[in-house]
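Listed below, chain by chain, are the residues.
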Amino acid sequence: MKTAIVLNCGALVSRKINADKIICCDGGYNCCPVEPDVILGDFDSITLSEETSADIVRHDPHKNASDGELAVYYAHEKLNSDSIVFYGVLGGRYDHTLCNFAVMKLASDLGMNAKAEEDGLDIYYVKGLKEIPTQKGETVSILPFGGNAVVTCSDNLEYPLKDLMLTGSDSRGLSNVSLGGKVAVDAKFGGVLVFRYLK
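All values reported here derive from a predicted model rather than from experimental measurement.

### A few points about the packing of helix α2 (residues 67-77) against helix α3 (residues 94-109)
And step 1. Two numbers describe how α2 lies on α3: the axes approach to 9 Å, and their chain directions differ by 15 degrees. One element, α2, and the other, α3, form an angle in the roughly parallel class. The interaxial crossing formed by α2 with α3 has right-handed handedness. Packed against α2, whose contacting residues are Gly68, Glu69, Val72 and Tyr73, the element α3 presents Val103, Leu106 and Ala107 at the interface.
And step 2. Of the residues contributing to the contact of α2 with α3, the split by class is five nonpolar, one polar and one charged.

This is the structure:
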């Protein structure tokens, strides 16, 4: 089951949403170009249509988790999702962006594939081996998230990262270049965010 989670980025999502189920997080409903299956949150930043057919999942405003985090747990526990694609990770407040990356990591920690689709950019949270389709000349950055990471394989990149420790205080994985085809990234230890800038 592939589930889309639409976050409140403050602007209409430009990428085509392709998933079995769509969850909108609160104000993400106003950013979603299609009717979702579920609208979830404390409803503090939403203009809700009375005609919506979506399931409504309300949470107390004094909760201890973001709407995005609650949506990940809902997708995992209620929808039995094995893959989540996020929309609206970027474009809002900077602290929200960092929190959204953490929510992507959470999805991966729960055993689901985690990807974000933004305007001109795909973002993956990777633990273990992941093959990412690319075109020659695309910029690909591989950055640790949630602690240090060891990358043991980075096939089809101009600057190899084989058996390299990436830390939160260096920029070694920034602005690599695809040689074309699938880029294989293997995070043997820890996890990385892979940013693919689309041609």
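Structure's up, so let's keep going.
### With respect to the packing of aromatic side chains
And step 1. Summed over all chains, the structure comprises two aromatic pairs.
And step 2. Ring geometry for Phe101 versus Phe145: centroids 6.1 Å apart, planes at 80 degrees, classification edge-to-face. Linking Phe101 in helix α3 with Phe145 in the loop between β8 (139-144) and β9 (149-155), this pair joins segments that are 44 residues apart in sequence.
And step 3. Classification of Phe101 by relative accessible area gives buried; the value is 9%.
And step 4. When its relative accessible area of 19% is taken as the criterion, Phe145 is described as buried.
And step 5. Chaining the aromatic ring pairs together yields one cluster made of Phe101, Phe145 and Phe195.
And step 6. The residue whose ring lies beneath Arg58 is Phe43, and the NZ or CZ to ring-centre distance is 4.4 Å.

### Notes on the pairing of strand β6 (residues 113-118)
The side chains of a regular strand alternate between both faces of the sheet.
And step 1. Relative to β6, strand β5 (residues 83-87) runs parallel, the two sharing four bridges. Looking at the pairing, Val85 lines up with Lys115 of β6.
And step 2. Handedness of the crossover is the feature at issue here: the chain leaves β5, passes through α3, returns alongside β6, and the resulting connection is right-handed.
And step 3. Direction of pairing for β6 relative to strand β7 (residues 121-134): antiparallel, over a ladder of five bridges. Considered in β7, the bridge of Ala114 is made with Tyr125.
And step 4. Adjacent in sequence and paired antiparallel, β6 and β7 are bridged by two residues, among which Gly120 carries a positive phi angle near 75 degrees.

Procedures and definitions
Residues numbered from 1 in each chain as written. Predicted model: local features only at pLDDT ≥ 70, side-chain atom pairs only at ≥ 80, totals over all residues. Heavy atoms only, no water. Axes fitted to C-alpha atoms, helices over the stretch in contact; angles between N-to-C directions. Helix = DSSP H or I, 4+ residues; strand = E, 2+ residues; numbered from the N terminus. Parallel < 35°, antiparallel > 145°, perpendicular 65-115°, else oblique. Left-handed = near helix turned anticlockwise from the far one by under 90°. Contact = heavy atoms within 4.5 Å. Nonpolar A, V, L, I, M, F, W, Y, C, P; charged D, E, K, R; others polar. Phe/Tyr/Trp six-rings, centres within 6.5 Å; stacked < 30°, edge-to-face > 60°. Buried < 20%, exposed > 50% of the residue type's maximum accessible area, 1.4 Å probe, protein only. Lys NZ or Arg CZ within 6 Å of the ring centre and 35° of its normal. Pairing = 2+ DSSP bridges. Right-handed = clockwise from strand over helix to strand, strands pointing away.

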